[in-house]
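If you want the building blocks of each chain, they are given just below.
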Protein chains: 2
Amino acid sequence: MAARTGGQGGKQPTINDVAALAGVSKKTVSRVINRSEFISEKTRLAVQKAIETLGFVPNPQARALAFRRNFLIALLHDNPNAQTVLNFQQGVLDAIKDSDLALLVRPVDRGSDKMLEDVRTFLEKQRPIGAMLLPPISENDELARLCEDLGVRYVRVGSALLDDAKHCVSSNDREVVGEAVRRLIALGHRRIGFVRGPVGFRSAAEREKGFREALAEAGLTLADDHYAPGNYRYTAGIEAGEKLLSLAEPPTAIFCSNDEMAAGVMSVAHGKGIAVPGELSLIGFDDSPTATHIWPTLSTVRWPIREMGVRAARTLVADFLGSGARIPEGESPVLASTFVERQSVAAPDGKG
Amino acid sequence: MAARTGGQGGKQPTINDVAALAGVSKKTVSRVINRSEFISEKTRLAVQKAIETLGFVPNPQARALAFRRNFLIALLHDNPNAQTVLNFQQGVLDAIKDSDLALLVRPVDRGSDKMLEDVRTFLEKQRPIGAMLLPPISENDELARLCEDLGVRYVRVGSALLDDAKHCVSSNDREVVGEAVRRLIALGHRRIGFVRGPVGFRSAAEREKGFREALAEAGLTLADDHYAPGNYRYTAGIEAGEKLLSLAEPPTAIFCSNDEMAAGVMSVAHGKGIAVPGELSLIGFDDSPTATHIWPTLSTVRWPIREMGVRAARTLVADFLGSGARIPEGESPVLASTFVERQSVAAPDGKG
DNA sequence: CTTGCTTTTGACACCGGTGTCTTTTAGACG
DNA sequence: CGTCTAAAAGACACCGGTGTCAAAAGCAAG
């Protein structure tokens, strides 16, 4: 009448129990667990049966110790956008689902001057096989060097190539921003405003580049008073909106470097009685939940964040993930973002 | 010229290295690490110095093995609201910051019929000390029983007491919804609509109860056509808005069971040219980022999710967290939500 | 039936810590 | 100064796996 399936006294069965039941040595059981090739079919089946009977699950701590390597990968982020983090995380979990790996999630405090030290302590204690760095901390070169020094593999996720392909997953934001802007131009917009992301962020710089390039292609330039600084926060969008929409000749369209700021600009437009998209077209970036939760719904750029999670995990630990996870030699680490057109974009009113 | 601080050949120093350097046995080092009381001050200092010199960090896997217990806690969630998950997670991390514990985050797929099995596999493999269950899966009794069976401590987070205090952290949503509704009534609203959360969700039921109770207190009742079903999604808000705002006598205020649905209702109002808050007051629930990213900003109920994370972690593993983490005997596991009033609420126009 | 080789399997040490029990040391006391 | 006791430190097994290398088994050829 033992309450538990196997083992004794409510404890988990160990490799020794399995070995005893199957009538082999524990090393043989170990070979079965690790799919060693030097084992006869007959023995393998016997051991597998014993494993099933007992409901044996190898102790990951013991394996980690014996292998001198544990089966953890870490996700480091300081991302203000929760949805992004969770989507990426989901992609990583998709990728490691059938492996022995587990995921450790670690938010880091970018502001803190102890950040590097904190991360070092974390990595030294947990000793993950590898770490994935989400933007914006992925842009921190010291962090990458720290991983290198500690012998922890790493992958940096970014809006542009931050490192060599082995250490990098990114999306083609610049191009897609260009596409979005070309769409505005095609609709007849000529006065197009720009709200920038925070200084020092690579992603912000990329988006600005994409914006300016598309303008230049069309022979347009960005007027100084059509440019507003920002920091990816809603309040910055409010400020930018106040600035750009108070002009004597306000822009007929504004590209905002993320959705939150676009939402801020949109609030200002509503407050001023400016019709969106009739009098003002708006485009954001991220395709965050906000983009579809505001009215009118926001045209934006969606980056394939979940897929990037899968890719990052594979780049990091393909050798742990079974054959399907191999990334073909020389394949680009750049995944495709897409421009998503919604209600907030239309041809400009009046003179087109 | 060794590249690394301590150890040999780039490897981490072990307890043996420390013991050798300090001239004591490894057991003595172990005693220092674990703050054993049977150790002389002199020895402790010597060992501590050796630890510092070598930069020794105990191997968590080895400790886990020797202790027959690892130092992981798990966070299980299937939460559609990323911000909530991340905030809660942050609270947990605050709580375990100075401990040896690490956090494993595990999204689960509620829809899947293999859900329980997946979780079982996860728990058996990782063997965390405890698990925290976020709503809505925290409402699943089978899951709680599974934890119990596996000897994994657990804490269920919910909008109401789901279990005894030892296994529960919640907030007083019902009361605060009542407070919000009383505010509407005080402003003069009499026709108040309600958009419900998904059937089968405890949180949805609590919010509805709070709503109806407050109405009843004031001698009002919820007219059938002022009630709309929902599922916490934006699209349900759209549908609810279409329904409620097409009435001959539409409500002058609507309580929505979460912010996303409120955003949906607000979109419909904008589309119909109904002024918010002039002609329609709106209240949501969650205080999600959306609440401040829409225009006008949304009055809502904020639940202390980060603090709940701290509390959940303490409830789960106070004995691992140092003296500050003790929860006084008999202290209620109910934390306080608050009503946050923003722009979306005002006295009704015209007849008040 | 040996021999010689390859394939399978096992014995035993080891990964880096902790538990138990024993031995040593230090201090109190007669 | 010897004795007794409590505190401190150490020896050694052990947690549950894997690596190494030697031994056993299987098989073809002599």
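Residues numbered from 1 in each chain as written. Chains lettered and ligands numbered in written order. Predicted model: local features only at pLDDT ≥ 70, side-chain atom pairs only at ≥ 80, totals over all residues. Heavy atoms only, no water.

## A closer look at the overall build of chain A
Filter applied, for reference: In this description a helix means any DSSP run of H or I spanning at least four residues, a strand means any run of E spanning at least two, and both kinds are numbered starting from the N terminus. With the radius of gyration taken over C-alpha atoms, the globule rule is written as 2.2 Å times the number of residues to the power 0.38. Note on exposure labels: buried denotes an accessible area under 20% of the residue type's maximum, exposed denotes more than 50%, and partly exposed covers the range between, all computed with a 1.4 Å probe on protein chains only. Note on areas: these come from Shrake-Rupley sampling with a 1.4 Å probe, and a residue is covered only by the protein chains present in the view.
Secondary structure assignment for chain A yields 13 helices and 12 strands. Rg of the C-alpha trace for chain A: 26 Å, well past the compact-globule value of 20 Å for 352 residues, more than 25% over. Summarising its shape, the C-alpha atoms of chain A cover approximately 90 × 40 × 40 Å along the three principal directions. Here chain A, with 352 residues, has 55% of them falling under the buried criterion. Of the accessible surface of chain A, which amounts to about 15700 Å², a share of 49% is contributed by carbon and sulfur atoms.

## Details of the protein's contact with DNA strand D
Under the convention used in this document: Put simply, a residue is near a molecule or strand once any heavy atom of it comes within 4 Å of that molecule or strand. The residue classification treats Ala, Val, Leu, Ile, Met, Phe, Trp, Tyr, Cys and Pro as nonpolar and Asp, Glu, Lys and Arg as charged. All others, Gly included, are polar.
DNA strand D sits among 29 residues. The nearest are Ser-30 and Asn-34 of chain A together with Thr-28, Arg-31 and Thr-43 of chain B. Those atoms of DNA strand D that come within 4 Å of the protein belong to sugar or phosphate at a rate of 64%. Looking at the surface near DNA strand D, the elements with two or more residues in it are helix H2 (26–33) and helix H4 (60–67) of chain A together with helix H2 (26–33) and helix H4 (60–67) of chain B. With five residues, H4 of chain A is the single largest residue contributor to the surface near DNA strand D. Looking at the surface near DNA strand D residue by residue, the classes come out as 13 nonpolar, nine polar and seven charged.

## Describing helix H10 (residues 234–245) of chain B
Test applied: Between the first and last residue of a helix there are one fewer steps than residues, each counted as 1.5 Å, and that sum is the expected span. Any two residues whose heavy atoms approach within 4.5 Å at even a single point are treated as in contact.
With 12 residues, H10 of chain B should reach 16 Å at 1.5 Å per residue; the first-to-last C-alpha distance of 16 Å fits that figure. On its buried face, H10 of chain B sits against helix H12 (289–293) of chain A together with strand S6 (192–195), strand S7 (227–228), strand S8 (253–256) and helix H11 (259–272) of chain B.

## Regarding the pairing of S8 of chain B
Residue and element names in this part refer to chain B. Convention followed: By the convention used here, strands pair only if DSSP detects at least 2 bridges between them. For crossovers, right-handed means that the path from the first strand over the helix to the second runs clockwise, given strands pointing away from the viewer.
Side chains of S8 alternate between two faces, with Ala-253 and Phe-255 and Ile-254 and Cys-256 buried alike. Both S6 and S8 contribute to a ladder of four bridges, which runs parallel. Looking at the pairing, Val-195 lines up with Cys-256 of S8. By the bridge criterion, three bridges tie S8 to strand S9 (residues 281–283) in an arrangement that is parallel. Paired with Ala-253 across the strands is Ser-281, a residue of S9. Each parallel crossover has a hand, and the one from S8 via H11 to S9 is right-handed.

## Brief notes about the relation of the copies chain B and chain A
One copy of the chain maps onto the other through a rotation about an axis plus a displacement along that axis. To keep things clear, this is the line we draw: Fitting of the copies onto one another was done by least squares over C-alpha atoms, counting residues only where both copies have pLDDT of at least 70.
When chain B is fitted to chain A, the best match, at an RMSD of 0.2 Å, comes from turning it 180 degrees and sliding it 0.0 Å along the axis. Both copies of the chain, as the preceding transformation shows, are related through a two-fold rotation axis. Identified as the residue of chain B closest to the rotation axis by C-alpha distance is Gln-61 of chain B, at 2.4 Å. The share of interface residues of chain B whose copies in chain A are also at the interface is 100%, consistent with both copies meeting through the same surface.

## A look at a negative patch on the surface
All names here are of chain A. What counts, and what does not: What goes into a patch is any residue over 30% in relative accessible area without a salt bridge, connected to like charges within 9 Å or, for nonpolar side chains (Val, Leu, Ile, Met, Phe, Trp, Tyr), within 5 Å. Any carboxyl oxygen of Asp or Glu that lies within 4 Å of a side-chain nitrogen of Lys or Arg is treated as forming a salt bridge with it. Asp and Glu count as negative and Lys and Arg as positive, but His and the ends of the chain are not part of the count. To locate a charge, the coordinates of NZ of Lys, CZ of Arg, CG of Asp or CD of Glu are taken.
A cluster of acidic residues, Asp-109, Asp-113, Glu-117 and Asp-118, forms a negative patch at the surface. Its place among the elements puts Asp-113 in the loop between strand S2 (102–107) and helix H6 (115–126). Of the residues examined, Asp-113 reaches a relative accessible area of 75% and is grouped as exposed.

## Digging into the protein's contact with DNA strand C
Quick note on the threshold: N or O atoms within 3.5 Å of each other form a polar contact, as long as, within protein, one can give a hydrogen and the other can take it, and as long as residues adjacent in sequence are counted only when both atoms are side-chain atoms.
Of all residues adjacent to DNA strand C, which total 27 residues, the nearest are Thr-28 and Thr-43 of chain A together with Ile-15, Ser-30 and Asn-34 of chain B. For DNA strand C, a phosphate oxygen lies 2.7 Å from a polar atom in the backbone of Ile-15 of chain B. Ser-30 of chain B is positioned such that a nitrogen or oxygen atom in its side chain is 2.4 Å from a phosphate oxygen of DNA strand C. Counting residues per element, the ones that place at least two in the surface near DNA strand C are H2 and H4 of chain A together with H2 and H4 of chain B. Of the residues forming the surface near DNA strand C, the biggest block, five residues, is contributed by H4 of chain B. Here the surface near DNA strand C is built from residues that sort into 13 nonpolar, eight polar and six charged.

## A word on the domain arrangement of chain A
Stated precisely, the cut-off is as follows: Note that domain bounds follow an automatic or database assignment of domains.
Partitioning chain A into structural domains gives domain 1 (1–58), domain 2 (67–171 + 305–337) and domain 3 (173–303). Averaged C-alpha coordinates put domain 1 of chain A and domain 2 of chain A at centres separated by 34 Å.

## What to know about unusual backbone geometry
All names here are of chain A. Residue Pro-136 follows Pro-135 across a cis peptide bond; omega there is 5 degrees. By the element assignment, Pro-136 lies in the loop between strand S3 (130–133) and helix H7 (141–150). With an omega of 5 degrees, the peptide bond between Val-276 and Pro-277 qualifies as cis. Mapping Pro-277 onto the fold places it in the loop between helix H11 (259–272) and strand S9 (281–283). Residue Arg-35 is not a glycine yet carries a positive backbone phi of 55 degrees. With respect to the element layout, Arg-35 can be found in the loop between H2 and helix H3 (41–54).

## Description of the confidence of the model for chain A
It should be kept in mind that the predicted coordinates are not to be read in detail where pLDDT is low. Threshold: Scored between 0 and 100, pLDDT is the confidence that the predictor attaches to each residue.
Per-residue pLDDT for chain A averages 91, and the proportion of residues at 70 or more is 96%. Overall, residues 1–9 of chain A carries pLDDT values under 50, and its contacts beyond four positions in sequence, including any with other chains, amount to nine contacts.

## Examining the interface of chain B and chain A
So the rule is basically this: Two parts placed together each lose some accessible area; with a 1.4 Å probe, that loss summed over both constitutes the buried area.
The interface is formed by 43 residues belonging to chain B together with 45 residues belonging to chain A. Both faces combined, the contact of chain B with chain A buries some 3800 Å², and carbon together with sulfur accounts for 58% of it. Applying the counting criterion to the chain B and chain A interface returns zero salt bridges. Linking chain B with chain A are eight residue pairs in polar contact (both at pLDDT 80 or more), by the criterion used here.

## Comments concerning helix H3 (residues 41–54) of chain B
Residue and element names in this part refer to chain B. Just so we agree on the cut-off: Throughout, the arc means the angular range of directions from the helix axis out to the C-beta atoms.
The end-to-end C-alpha distance of H3 is 20 Å, a good match for the 20 Å that 14 residues give at a rise of 1.5 Å each. Residues of H3 that are buried: Arg-44, Val-47, Ala-50, Ile-51 and Leu-54. Each buried residue of H3 sits inside an arc of 130 degrees when the element is viewed along its axis, so together they form one side. Away from its buried face, by an angle of more than 90 degrees, H3 presents the exposed residues Lys-42, Lys-49 and Glu-52. Of the surrounding secondary structure, the elements contacted by the buried residues of H3 are helix H1 (15–22) and H2. In the segment just after H3, Gly-55 is the residue with positive phi, at about 65 degrees.

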